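# Fold and contact review
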Amino acid sequence: MKESRAATHRTVSHDLPLSPEFEKFMAGGWAGSPLPADIRLPAAGLTPARRRRLSARFPGERLIVPAGELRVRSNDCDHRFRPHSAYAWLTGLTGEEQAGHVLVMEPDGPHGHEAVLYVRPRSPRTDAGHRDRRYGEFWVGRRPDLAEAERMTGVRCEALDAQGALPPGRDASADAELASVLSELRLVKDAWEVEQLQLAVDHTTAGFEDVVRSLPRALAHPRGERWIEGVFGLRARAEGNGTGYETIAAAGAHACVLHWTRNDGPLEARQLLLLDAGVETDSLYTADVTRTLPLCGRFSPVQRQVYELVLAAQDAGIAALRPGARFRDFHRAAMRVIAEGLTDWGVLESPEGDFHRRYTLCSSGHMLGLDVHDCAQARADAYLDGVLEQGQVLTVEPGLYLQPDDETLPVELRGIGVRVEDDLVITAEGARLMSGALPRTPDAIEAWMGALTDGR
C-alpha cells in the first residue's frame, strides 16, 4: 500500500553536507544571552484568578488547553502563528514562539488544579539547532528557557520534548463543554482587558486617519482597495500584532458583499468606501470598526439618505444597551428603524415581519475581545439569548446592502452598501462608546475628511 503524500513529505535541504569539524566549531564560542531578570508578562497578575475560575467548573478533572500548531501555507513556509485565545487568556503568552505549547491543569486535591506549561525549551547551541528551520533560534528567534518562562508567567514549566505524550484529559480543542466554558468565562472583561481594547480602538482610529490621508494616491491606483488595505495594515503592524481580521476595503457595489476581503478593485470618486478594519494589540485584543466614506469627500443626496437611515438604526441600537437588557434587544431596536425607513421609501409595504432582512442580511453586532467574534462557543443562554452585564464589550453595526442586481429597489439605490460599526463597553449606566473619536454623522465625516486631505 502506498503511503500518503502527507506521510512521505519531507523538507528538502539545499545545504551542503556539514563536516564534523564544522559541527564542533558551531558548538562553542557563544556568550550567554539571558533574558532580563525582571521579565514578567503584563497579564501575569491576572491569569491565576482566571485559572481558578476555570478550575472551579471542572473539579478533579485534568484540563488541556493547547496553544495550537503551526500550519503550512505553502511547501515549507508556515502561516504566521497566533496562539489560541483561551490559551493566551489563561497564560498571558501571546507570541509566535508558542506554537505547539500546551497548558495542562492538573487536579490538585482540595487546592483545585495546578497549572503546568509544557513548552519547547530554548534551542541549545550544542546540537543541530542551527539547521532547524522551523524552530531553531537562528531561523525564528530567541525562545525563553524553562526558568525564564516560569518567571514570565508564574507557572511551573516543563520541557515539551521531554514529557512525551500528554496525559489524557479534557482537551479544549476537542471538548465542546470545555470550549463553551472557556468562552463564557471571557464574556465579561476585567479593567485591564478594557484598557487593551481601548488601545486597539485608538490605534484603529489612527489607521482610519491614515487611510483618509492616502485617498488621493489610492484613487489613482488601479487596485485602490488594496492600497487602502496596505495603508491600514502598516498602522496595525507598526502599533500592534497586526490586524485582528482580514481588512474589508470595499468600494462601490463591493460594499454589498459583507466579507469582501479580495480588495482588488479600483476606487472611483463618486463611490462610497466601506472600510471595516481593526488593529490587534500585542496582547491580542482587537478592535472592530466600520466607517462608510464618500471617496470624493462629500455624500451625494442618495448616499446621504442611505447613510442617515443606517446611522439612525445604530443610534437606536446603542440606546438599547444597558446591564440587564437582552443581548438581542439592540439588534431588534436597530432593525425596527431599518424596516420603518424602508417602508417610508416605498421599498417595503409594511415594517412588520422579516422582509427587511433581504437588505440587511445579518445581525447587528457581536461580542469583542481576544477574538473579533469573541466568545462564539458560549452557550446560547449565556450569550445570544442572555442578558448584558457590566464589563462586556461588543459591537453595534447595522447595515444596508442594496445589491446592484436587486430589482425590488429603485435604480438609484442599487449598488449602495453602508455599514456603521462602533465598539462599546457596557457600564453601570448604559454603554460607553469606545470608538467615538471617529466621526459618525455625515456632516462630521465630511469635515473630518476635508481636514485630513487638505493637510490641516
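What comes next is a walk through the structure. (Residues numbered from 1 in each chain as written. Predicted model: local features only at pLDDT ≥ 70, side-chain atom pairs only at ≥ 80, totals over all residues. Heavy atoms only, no water.)

Evaluated as defined, the whole model comprises 33 salt bridges. A salt bridge links Asp-374 to Arg-186; its shortest N-O distance comes to 2.7 Å. Taken as a pair, Asp-374 in the loop between helix H13 (357-360) and strand S13 (393-396) and Arg-186 in the loop between helix H7 (176-185) and helix H8 (191-213) lie far apart in primary sequence, 188 residues in all. Owing to a relative accessible area of 1%, Asp-374 belongs among the buried residues under this scheme. A salt bridge links Arg-440 to Asp-422; the nearest nitrogen and oxygen atoms lie 3.5 Å apart. Taken together, the positions of Arg-440 in the loop between strand S17 (431-433) and helix H14 (442-453) and Asp-422 in strand S16 (residues 422-426) put the pair 18 residues apart, joining distant regions of the chain. Taking relative accessible area as the criterion, Arg-440 reaches 16% and is therefore assigned buried. The network of salt bridges with common partners includes Glu-61, Arg-170, Asp-175 and Glu-177. (Salt bridge = Lys/Arg side-chain N within 4 Å of Asp/Glu carboxyl O. Helix = DSSP H or I, 4+ residues; strand = E, 2+ residues; numbered from the N terminus. Buried < 20%, exposed > 50% of the residue type's maximum accessible area, 1.4 Å probe, protein only.)

What follows concerns the nonpolar core. Residues Leu-54, Val-65, Leu-103, Leu-117 and Leu-182 are the most contacted members of the largest nonpolar core, which totals 48 residues. Setting aside residues no more than four positions away along its own chain, Val-65 makes contact with Ala-86, Tyr-87, Leu-90, Val-102, Leu-103, Ala-172 and Leu-182. Judged by nonpolar contacts, the second largest core, of 46 residues, contains Val-231, Leu-267, Leu-273 and Leu-293. (Core = buried A, V, L, I, M, F, W, Y, C linked by side-chain atoms within 4.5 Å. Contact = heavy atoms within 4.5 Å.)

This part takes up the sheet that holds strand S12 (residues 289-294). Across the sheet, which stays open at both edges, the three strands sit in the order S9-S10-S12 with antiparallel pairing between neighbours. Lying at the two open borders of the sheet, with one neighbouring strand each, are strand S9 (248-251) and S12. Ignoring which end each strand starts from, the neighbouring axes of this sheet average 10° apart. Alignment of S9 against strand S10 (residues 272-277), held across four bridges, turns out to be antiparallel. By the bridge assignment for S10, Ala-249 is matched with Leu-275. Across the face of the sheet, H8 comes into contact with S10 and S12 while running at roughly 20° to S12. Against the sheet, helix H10 (residues 224-239) touches S9 and S10, its axis set at about 150° to S9. (Pairing = 2+ DSSP bridges. Axes fitted to C-alpha atoms, helices over the stretch in contact; angles between N-to-C directions.)

This part covers the packing of H8 against H10. One way to put it is that H8 packs onto H10 with a least axis distance of 9 Å and a crossing angle of 145°. As H8 runs across H10, the sense of the crossing is right-handed. Contacts from His-203, Thr-204, Ala-206, Gly-207, Phe-208, Asp-210 and Val-211 in H8 reach Ile-228, Val-231, Phe-232, Arg-235 and Glu-239 in H10. Per-class residue counts for the contact of H8 with H10 are six nonpolar, three polar and three charged. (Left-handed = near helix turned anticlockwise from the far one by under 90°. Nonpolar A, V, L, I, M, F, W, Y, C, P; charged D, E, K, R; others polar.)

The subject of this paragraph is the side chain of Gln-98. Among the structural elements, Gln-98 can be located in the loop between helix H4 (85-91) and strand S4 (102-107). Classification of Gln-98 as buried rests on a relative accessible area of 3%. Contact partners of Gln-98, with chain neighbours within four places excluded, come to Ala-67, Gly-68, Phe-81, Pro-83, Tyr-87 and Leu-93.

Next up on the list: the pairing of strand S15 (residues 416-419). In S15, alternate side chains face the same way, and those of Ile-416 and Val-418 on one face and Gly-417 and Arg-419 on the other are all buried. Looking at chain direction, strand S14 (residues 399-402) and S15 are connected through four bridges and run antiparallel. Paired with Gly-399 across the bridge in S15 is Arg-419.

One pass over the full model with this rule turns up six aromatic pairs. Between Phe-208 and Phe-232 the ring centres are 5.9 Å apart and the planes differ by 85°, which places this aromatic pair in the edge-to-face class. One end of the pair, Phe-208, is in helix H8; the other, Phe-232, is in helix H10, with 24 residues separating them in the sequence. Taking the relative accessible area as the measure of exposure, Phe-208 reaches 0% and is therefore buried. (Phe/Tyr/Trp six-rings, centres within 6.5 Å; stacked < 30°, edge-to-face > 60°.)

Let us look at unusual backbone geometry. Located in the positive-phi region is Leu-284, a residue other than glycine, with phi close to 80°. Secondary-structure assignment places Leu-284 in the loop between strand S11 (279-280) and S12. Looking at Leu-284, the relative accessible area reads 0%, which means it is buried. Here Leu-361, not a glycine, exhibits a phi torsion of approximately 70°, which is positive. Within the fold, Leu-361 resides in the loop between H13 and S13. For Leu-361, a relative accessible area of 45% puts it in the partly exposed group.

All right, on to the environment of Cys-256 then. Position of Cys-256 relative to the elements: it lies in the loop between S9 and S10. The exposure class of Cys-256 is buried, given its relative accessible area of 4%. When the C-alpha positions of Cys-256 and Asp-171 are compared, they lie 39 Å apart, and in sequence the two are 85 residues distant. With sequence-adjacent residues up to four places away left out, Cys-256 is seen in contact with Tyr-401, Leu-402, Gln-403, Pro-404, Gly-415, Ile-416 and Gly-417.

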